[in-house]
Amino acid sequence: MIKIDHIQIASDHLIGGRYVPSDSTIDVFSPIDETVTGAVPDGDDAIVDEAIRAAREAFNDWAKAGPAGRHKSLLKFAALIRENADDLALVECVDNGGLLKALRARVIERSAQNIEFFANLALELLGEVIAGGPNVDNVRYEPAGVCALITPWNAPLMLTTWKIGPALAAGNTIVIKPPELAPASCALLGQLAAQAGLPDGVVNIVHGRGAKSGQALIEHPGVDRISFTGSPETGRIIATAAAAHLTPVSLELGGKSPLVVFRNADLDKAAATIAHQYFNAGQVCLAGTRVLADAATAEDLLARTLNHVERLIVGDPRLPDTDIGPLISREQAARVDGFVRRAVEAGAVAVAGGAPSDAGPLYYEPTLIRDVRQDSEIVQNEVFGPVLTWQTFVNEDEAVALANDTKYGLAASLWTNDSDQAHRVGSEIRAGTVWVNSFFVRNLAAPFGGFGESGVGIEGGRWSFDFYCNVKNLSVNK
Ligand code: ADP
């Protein structure tokens, strides 16, 4: 059981509609003040096996119901997410330290849309006839089977629903492995799925440590798809395990996105957007953590940026004035501080922040570091904290070279008022999404994925169904 404020959440494994405990449990902490909110069971091979059996048993009926048969209960699920928005927002805020005001304003609504959008799209998309060839090709999108969905702690509600929506709409049944550091909102989603009338066994949840229940899940031969969002290190472990059974995987991994500001850009908007990269205490894979500023306007942009950054308030994420909440754990706080200290020791200069915040041991000041070397770890590796680097360029070629010089390729943001330049540079940037004069605008119908070590596979819109379905051609003689 997890208890957050007045909200009690059943947090045992959810298997075939029943709550099942394990002998050992893991305490769940709030990063806000490190208080224990409850515990989740630490699942093992046997629990995972049980969950996959339950998902397999539920599969035939759910798959046969077709998109229309699944539509009603999925829309009810989305409606329940909206109806329980206040509880979901508070639970996620206390569980992972996300800002309550942002959860209320955007994240819960988006989580509902993740379910609704794919339930609607399935009605249009799951099937197609190609009549022009020698045979009539009936393209069928058949559900893949049992999907393992593994999610991280930085945005559990958003990322879990982003996977649940298309997986269920396409007719699969699922086993979710929530993050052990922030499992509460997913446990609450499980309750809402049952309330929405999704049949027992369609949504199963196995809690526990990644290396134990997570590992058991990815190694299980009964899993037909694995969708994972998390670190590249774990992504590699997952791809390796998936190889044993040739299970298709979708991996959304880290990022080190460049935010490139040309001299002709709207510097005020660019500066505000740079300051927004501290959102979620920088624990966002998409975050534009590398500012690349045109040397001609760099000092002007820096002054405008610092004007925003200096006003950011670090503190309790439940309070309306707070801009930056806590990091997820002491370990993460120490990791972030280590990156900053080593950079400064190597000669970089923190023009903002550069140290833990006095708000508490898990809080860190919004930090902006200049005079960094391109090959330094703070430029090359994901920090996953409120830390941005600042570099300058003298021309487009240099901007592109710096932007592309990491192993990642998740996203980029270009700021320019010259549309030719936007297209020219945008086509040179190696990233799954390149935003122009904007950031974090995510249309659910658009493809989303990373290049390089940022991931494998594309999801979003119909691309999600390409992953969560077996695409079959039933080719019939005319
Ligand atoms: P983070 O550093 O963001 O926690 P991870 O990639 O370690 O990133 O964790 C993301 C998710 O992957 C979590 O739910 C975690 O439990 C799970 N996980 C970690 N290790 C494994 C593993 N070996 N097999 C399967 N899942 C894992």
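Described below are features of the structure shown in this document. Everything numeric here is computed off the predicted structure, so don't read it as measured data.

Rules of the game
- Residues numbered from 1 in each chain as written.
- Predicted model: local features only at pLDDT ≥ 70, side-chain atom pairs only at ≥ 80, totals over all residues.
- Heavy atoms only, no water.
- Helix = DSSP H or I, 4+ residues; strand = E, 2+ residues; numbered from the N terminus.
- Rg over C-alpha atoms; globule rule 2.2 N^0.38 Å.
- Buried < 20%, exposed > 50% of the residue type's maximum accessible area, 1.4 Å probe, protein only.
- Contact = heavy atoms within 4.5 Å.
- Areas by Shrake-Rupley, 256 points an atom, 1.4 Å probe, with all protein chains shown as cover.
- Near = heavy atom within 4 Å.
- Polar contact = N/O pair within 3.5 Å; in protein donor to acceptor, adjacent residues only side chain to side chain.
- 1 Å grid on protein atoms, 1.4 Å probe; cavity = no way out; pocket = protein on both sides within 12 Å on 5 of 7 lines; lining within 4 Å.
- Sits in = over half its atoms within 2 Å of the grid points.
- Arc of directions from axis to C-beta.
- Pairing = 2+ DSSP bridges.
- Axes fitted to C-alpha atoms, helices over the stretch in contact; angles between N-to-C directions.
- Points joined across faces, edges and corners; volume = space filled by probe spheres on them.
- Nonpolar A, V, L, I, M, F, W, Y, C, P; charged D, E, K, R; others polar.
- Right-handed = clockwise from strand over helix to strand, strands pointing away.

### A few points about the overall build of the protein chain
Now for step 1: Counting its regular elements, the protein chain contains 15 helices and 24 strands.
Now for step 2: Its C-alpha radius of gyration of 23 Å places the protein chain within 12% of the 23 Å reference for a compact globule of 478 residues.
Now for step 3: The dimensions of the protein chain, computed from C-alpha atoms along their principal axes, are 65 × 60 × 40 Å.
Now for step 4: For the protein chain, buried positions account for 58% of its 478 residues.
Now for step 5: Sequence-distant contacts, at least 24 apart, represent 73% of the contacts inside the protein chain between residues at least 6 apart.
Now for step 6: Accessible surface, the protein chain as shown: approximately 18700 Å² in total, 52% of it carbon and sulfur.

### Thoughts on the site of the ligand
Now for step 1: Around the ligand there are 18 residues in total, and Thr 151, Trp 153, Lys 177, Glu 180 and Gln 215 lie nearest to it.
Now for step 2: Contacts to the ligand include Trp 153, whose side-chain N or O atom sits 2.9 Å from an oxygen atom.
Now for step 3: Between an oxygen atom of the ligand and a side-chain N or O atom of Thr 234, the distance comes to 2.9 Å.
Now for step 4: When the ligand is considered free in solution it has 550 Å² of accessible area, and contact with the protein chains removes 82% of it.
Now for step 5: Cavity membership is defined here by more than half of the atoms lying within 2 Å of grid points; on that basis the ligand lies in the largest pocket.
Now for step 6: When residues of the shell around the ligand are traced back to their parent elements, those giving at least two are helix H7 (210–219), strand E12 (225–229) and helix H8 (232–245).
Now for step 7: Element by element, the count of residues in the shell around the ligand is highest for H7, at four residues.

### Some thoughts on helix H14 (residues 419–428)
Now for step 1: Every buried residue belonging to H14 is among Gln 421, Ala 422, Val 425 and Gly 426, and all of these are buried. Relative to the axis of H14, the buried residues are bounded by an arc of 120° and lie together on one face. Opposite the buried face of H14, at more than 90 degrees from it, the exposed residues are Asp 420, His 423 and Ser 427.
Now for step 2: Buried positions along H14 lie against helix H13 (396–404), strand E19 (411–415) and strand E20 (433–436).

### Describing the sheet that holds strand E15 (residues 288–294)
Now for step 1: The strand order across the open sheet formed by seven strands is E16-E17-E18-E15-E14-E19-E20, and the pairing between neighbours is mixed. Only two strands of the sheet have a single neighbouring strand rather than two, namely strand E16 (349–352) and E20. Taken over all neighbouring pairs, the strand axes of this sheet differ in orientation by 25° on average, direction set aside.
Now for step 2: Summarising the sheet, E16 and strand E17 (residues 367–370) pair through three bridges and their orientation is antiparallel. In the strand pairing of E17, Ala 352 is matched with Leu 368.
Now for step 3: Packing of H13 onto the sheet brings it into contact with strand E14 (257–261), E15 and strand E18 (387–393), and relative to E18 it is tilted by some 150°.

### With respect to the layout of surface pockets
Now for step 1: For the largest pocket, the calculated volume is near 1000 Å³.
Now for step 2: Looking at the lining of the largest pocket, the elements that each hand over two or more residues are H7, E12, H8 and helix H11 (330–345).
Now for step 3: Considering only residue class, the lining of the largest pocket consists of 19 nonpolar, 13 polar and eight charged.
Now for step 4: Of the volumes computed, that of the second largest pocket is approximately 740 Å³.

### Some points on the sheet that holds strand E7 (residues 128–130)
Now for step 1: Strand order across the open sheet formed by three strands is E7-E8-E24, with antiparallel pairing between neighbours. Strands at the two margins of the open sheet, each flanked by one partner only, are E7 and strand E24 (469–477). Each adjacent strand pair in this sheet contributes to an overall mean axis angle of 25°, direction not counted.
Now for step 2: Taken together, the three bridges between E7 and strand E8 (residues 135–143) define a ladder with antiparallel strand orientation. Counterpart to Val 129 in the pairing with E8 is Asn 138.

### As for the environment of Phe 384
Now for step 1: Of note, Phe 384 is situated in the loop between helix H12 (377–380) and E18.
Now for step 2: Separated by 52 residues in the primary sequence, Phe 384 and Gln 332 have C-alpha atoms spaced 8.2 Å apart.
Now for step 3: Once residues within four sequence positions are removed from consideration, Phe 384 is found in contact with Trp 153, Asn 154, Gly 282, Gln 283, Val 284, Cys 285, Leu 327, Gln 332, Arg 335 and Val 336.

### Re the environment of Leu 253
Now for step 1: You can see Leu 253 is positioned in the loop between strand E13 (249–252) and E14.
Now for step 2: Setting aside chain neighbours within four positions, we find Leu 253 in contact with Phe 228, Gly 230, Ser 231, Pro 232, Gly 235, Cys 285, Leu 410, Glu 453, Ser 454 and Gly 455.

### Quick look at the pairing of strand E9 (residues 146–150)
Now for step 1: When you tally the buried positions in E9, you get five out of five residues, the bulk of the element.
Now for step 2: Burial along E9 is two-sided: the residues Val 146, Ala 148 and Ile 150 and Cys 147 and Leu 149 are all buried.
Now for step 3: Strand direction decides the pairing type here: E9 and strand E10 (residues 173–177), joined by five bridges, are parallel. When the bridges of E10 are listed, Cys 147 appears paired with Ile 174.
Now for step 4: For the crossover from E9 across helix H5 (residues 156–169) to E10, the handedness is right-handed.
Now for step 5: Of the pairings in the sheet, the one linking E9 to E12 comprises four bridges and is parallel in character. Bridge assignment links Ile 150 to a residue of E12, and that residue is Phe 228.

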